Amino acid sequence: MDSSNSSVFDLPLQPDSARITHDTWDRHDPTLVTDDHDHFQNVSEASSRSKPSFLVISGGSGGNSICAAFENACYVLPISDDGGSSSEIIRVLGGPSIGDIRSRLVRLIPWAPADSPLDAVRTLLSYRLPLNVSENEARAEWRGIIEGQSPLWSGIPNDRKEVIRGFLVYFENEVLKRAHKHFSFLNGSIGNYFLAGAQGFFRSLPSAIFLFSTITNSQANILPVIVTNHITTIAAELENGTKLLGQCEISHPVAPPISSDSELLSLDPLSPMDGLGEIIPQNRFNIMYNQQAKEGGYEPLHSRICRLYYINGYGHEVYPKPNPQFIKNLSTSEVLVYSCGSLWTSIIPCLALRGVASAIAGSRLLRVKALLLNGSNDRETDGYTAVDYIRAITSVLNSQYPLNGLGNVPLYPISAFITHLVYLEGTKVAVDVEAMTTLGIKCILVETKTEPVPNSGIPQYNAAMVQQAIEEILSGQ
C-alpha cells in the first residue's frame, strides 16, 4: 500500500516482467501452469544466459569508476587499508578496515531523483565531517548528527532514520568506552561510522554489509576477502630485504599529526576494551590522505616488492583463510576481472591467501580472466612493464599454501590465472604484445574516449571503455 509517509524507495527487487503470480499454479495440477508462466520462465533463463557473471577483484577508489560496466557482478575487496578515517576507527576500536567496502557500497546505491528518500540516505552515508576545523567543531557537528538534529536527516523517512541513527549511537557508545584514546572526528566518514557500528553490533562484517545494502536498496554483492572481526594488516618485503608494515607505508606514506605526550601516555595497548586484546599501533592518529595527492606524485620505493603477506598484532606472519563465498564465486562465475588500481595493496591482498590459486586455475566456468592494466605506474610498481604486472600476480598465486596447508603447491602456467590483458591507448606502462602472446595472453587495446588525468596526460578507464573491452573479449570466445 502506498502512503505519503512511506519510506519504501519504490524500487522493485525484480523487474515486473519476471514476476509470477503463484496463485494460478498448483503443483498437483500442471494444467494450471499458464503459457505466460512458461514464457516468463524462458525469458528469465535466456536473460541469465545472455549476461555473464563477473567476479571483480579491486580496491576502493580504483574500481569505483568502472562499476557500471558490470551488470551481474560480485565484488571482492581487501580489508587491510589503514589510511583515511578507517585508520582512526582501527586505532581506537580495532576490527577490519571498512573504508574500501563503504566506498563501493555508496557507489552502488541506485540512482534516485534529487529529492527522493534514497538520495537523502546516499547524501548522509557519503558525507564526511570537515577537516580544516577544530576538533571541537567536528565533534559538535557529529553530535548534531547522532542527536537527529542535523540537516543531513532531511528527507530521510523516520524508520530509516532511526535504524541508521541507532547504529551511529552504538558507534558513539563504543568510542566513549575508550575515551582515553581521544578519538578524532576530523574528516570522519558517516558511512564508515555506520558500517563500523553495525559490524561491532553484529560481530559480523558480512551482516553489516547486508544491512547497508538493504537500507540503500543497492542489492550490491560485495564480499570482504577475509571474514574477521580483528585488525587485518599487510606487510611487504622488498628485494633488498626491507620490510614495510601496513598499506599506507607501502602505498602512500603519510606523516601522522604529532600528538601530545599526555595523549600518548594515556593509551593502554592491552586494555580489554581495545579490539579484543589486540596490540594496535598507538602512535598512528587519523592518517589522512586524498586520492588526488596520491596520483600527483610519489616517492619510489628503494627496491621492488618481492612478497606481500599478512601479519598479526605482534608482527608475526599469519596465513588467513579467504572468505568461503569468495572461493565459491570463483567456481560459479564466468568472467574474472583484476581491476585497475594499486597492484600490491588492492589486488594482491585478495590473492595472497590459501586456496585462491587453485580455485582460479581449477574453475570450470571461468572462461575469461582479464587484467585491466593501469594507465600509469605508482609507488608500488615504479618501472614496471605489463609483463611485470603479470609476473607479480602469477608469482604470488603460485607461492601460496594449498587450502589444507599440507603438501606441495602445484605450479600453474600464467594462462591459468590471466587470459587477457586490457590496456588503454596512450598508457604510460610499456606493453610488449609479442611477449604477452608468448605467455598465452591476448591483448585488448582500448581507445581512450575521455580526457586524461589533468596535467599528467595519463589515460584513465571509464565504464563504457571497460564494457567495450569485455564485449570484445566475450565475442571472441
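Reading the values: rules and limits
Residues numbered from 1 in each chain as written. Predicted model: local features only at pLDDT ≥ 70, side-chain atom pairs only at ≥ 80, totals over all residues. Heavy atoms only, no water. Buried < 20%, exposed > 50% of the residue type's maximum accessible area, 1.4 Å probe, protein only. Pairing = 2+ DSSP bridges. Helix = DSSP H or I, 4+ residues; strand = E, 2+ residues; numbered from the N terminus. Axes fitted to C-alpha atoms, helices over the stretch in contact; angles between N-to-C directions. Salt bridge = Lys/Arg side-chain N within 4 Å of Asp/Glu carboxyl O. Core = buried A, V, L, I, M, F, W, Y, C linked by side-chain atoms within 4.5 Å. Contact = heavy atoms within 4.5 Å. Polar contact = N/O pair within 3.5 Å; in protein donor to acceptor, adjacent residues only side chain to side chain. Left-handed = near helix turned anticlockwise from the far one by under 90°. Nonpolar A, V, L, I, M, F, W, Y, C, P; charged D, E, K, R; others polar. Arc of directions from axis to C-beta. Expected span 1.5 Å × (residues − 1). pLDDT = per-residue confidence, 0-100. Phe/Tyr/Trp six-rings, centres within 6.5 Å; stacked < 30°, edge-to-face > 60°. Lys NZ or Arg CZ within 6 Å of the ring centre and 35° of its normal.

(A) A look at unusual backbone geometry. Of note, the phi angle at Asn187 is positive, near 65°, even though the residue is not glycine. Using a relative accessible area of 15% as the deciding quantity, one classes Asn187 as buried. Unlike most non-glycine residues, Arg203 shows phi in positive territory, near 55°. The class for Arg203 is partly exposed, based on a relative accessible area of 39%.

(B) Inspection of the sheet that holds strand E1 (residues 54-57) at higher detail. With parallel pairing, the seven strands of this open sheet are ordered in space as E3-E2-E1-E8-E9-E10-E11. On the outer flanks of this sheet lie strand E3 (222-224) and strand E11 (442-446), each paired with one strand and no other. Geometrically, the sheet is characterised by an average inter-axis angle of 20° between neighbouring strands, direction not taken into account. Here four bridges tie E1 to strand E8 (residues 335-338), and the two strands are oriented parallel to one another. Bridge pairing in E8 places Ile57 opposite Tyr338.

(C) Region of interest: the pairing of strand E9 (residues 368-372). Most of E9 is tucked away: five of the five residues are buried. Taking every second residue as pointing to the same face, both faces of E9 are buried, with Val368, Ala370 and Leu372 on one and Lys369 and Leu371 on the other. Inspection of the sheet shows E8 paired to E9 by four bridges, in the parallel sense. Of the residues in E9, the one forming a bridge with Tyr338 is Leu371. With three bridges joining them, E9 and strand E10 (residues 420-424) adopt parallel strand pairing. Bridged to Leu372 within E10 is Val422.

(D) Quick look at the pattern of salt bridges. For the coordinates displayed, the defined rule picks out 13 salt bridges. Here Glu174 and Lys177 are joined by a salt bridge, their closest N and O atoms 3.0 Å apart. Taken together, the residues span about one helical turn, with Glu174 and Lys177 both in helix H7 (residues 158-177) at a distance of three residues. Among the charged side chains, a network of salt bridges with common partners joins Glu174, Lys177 and Arg178.

(E) Up close: the nonpolar core. Within the largest apolar cluster, 127 residues are counted, with the highest numbers of intra-cluster contacts made by Phe70, Leu168, Phe171, Tyr193, Tyr338, Leu351 and Leu421. Ranked by residue count, the leading element in this core is helix H16 (residues 386-397), at eight residues. Apart from residues no more than four positions distant in its own chain, Leu168 is found in contact with Trp142, Ile145, Ile146, Trp153, Ile190, Tyr193 and Phe194.

(F) The arrangement of the sheet that holds strand E5 (residues 243-245) in detail. In space, the four strands of this open sheet follow the order E5-E4-E6-E7, with antiparallel pairing throughout. Each having just a single partner strand, E5 and strand E7 (317-318) make up the two edges of the open sheet. Summarising the sheet, strand E4 (residues 233-238) and strand E6 (residues 305-311) pair through six bridges and their orientation is antiparallel. What sits directly across from Thr233, in E6, is Ile311.

(G) The arrangement of the side chain of Ser333 in detail. Relative to the assigned elements, Ser333 resides in the loop between helix H13 (324-332) and E8. For Ser333, a relative accessible area of 2% corresponds to the buried category. Of note is the side chain of Ser333, whose polar atom sits 2.8 Å from the backbone oxygen of Asn329. If we skip the residues at most four places from it in the chain, Ser333 touches Ser53, Phe54, Leu55, Leu365 and Leu366.

(H) Up close: the packing of helix H3 (residues 84-93) against helix H8 (residues 190-202). It is the contact of H3 with H8, at a shortest axis distance of 10 Å, that shows an interaxial angle of 35°. Between H3 and H8 lies a crossing whose hand is right-handed. Contacts between H3 and H8 involve Ser85, Ser86 and Ile89 from the former and Asn192, Tyr193 and Ala196 from the latter. Per-class residue counts for the contact of H3 with H8 are three nonpolar, three polar and no charged.

(I) View of H13. Within H13 the residues assigned to the buried category are Phe326, Asn329 and Leu330. With its buried residues spanning 105° around the axis, H13 presents them on a single face. Buried positions along H13 lie against E1, strand E2 (73-77), E3, E8 and helix H15 (356-362). The backbone nitrogen of Gln325 has a side-chain oxygen 3.0 Å away, supplied by the residue at the start of H13, namely Asn323.

(J) Examining helix H9 (residues 205-216) more closely. Over its twelve residues, H9 runs 17 Å from end to end, which matches the ideal 16 Å to within 8%, given 1.5 Å per residue. Summarising the contacts, the buried residues of H9 are in contact with helix H4 (99-107), helix H5 (117-125), H7, H8 and E3. Count one or two residues on from H9 and you reach Asn217, which has phi positive near 55°.

(K) Region of interest: the pairing of E6. Most of E6 sits inside the fold, with five of its seven residues counted as buried. Linking E6 back to E7 in an antiparallel pair, the connection comprises five residues, with Gly315 at a positive phi of about 85°.

(L) Fine view of the confidence of the model for the protein. Confidence along the protein averages 83 in pLDDT terms, with 77% of residues attaining 70 or more. The model gives residues 1-48 a pLDDT under 50, and that stretch makes 29 contacts with residues more than four places away or in other chains. Low pLDDT (under 50) marks residues 257-284, which in the prediction has 57 contacts with non-local residues, meaning those over four places away or in another chain.

(M) Spotlight on the packing of aromatic side chains. Scanning the model with the defined rule gives 17 aromatic pairs in all. Seen in terms of ring centroids, Phe167 and Phe202 are 5.7 Å apart; in terms of plane orientation they differ by 40°. Their pairing is tilted. Residue Phe167 is found in helix H7, and its partner Phe202 is found in helix H8; the two are separated by 35 residues along the sequence. Judged by its relative accessible area of 12%, Phe167 is buried. Between the aromatic rings of Tyr384 and Tyr389, the centroid separation amounts to 5.6 Å while the plane-to-plane angle is 85°, which identifies the pairing as edge-to-face. We note that Tyr384, like Tyr389, is buried. Every member of this aromatic cluster is reached through a ring pair, and the members are Phe167, Tyr170, Phe194, Phe201, Phe202 and Phe212. Above the ring of Tyr309, the side-chain terminus of Arg307 is found at 4.2 Å from the ring centroid.

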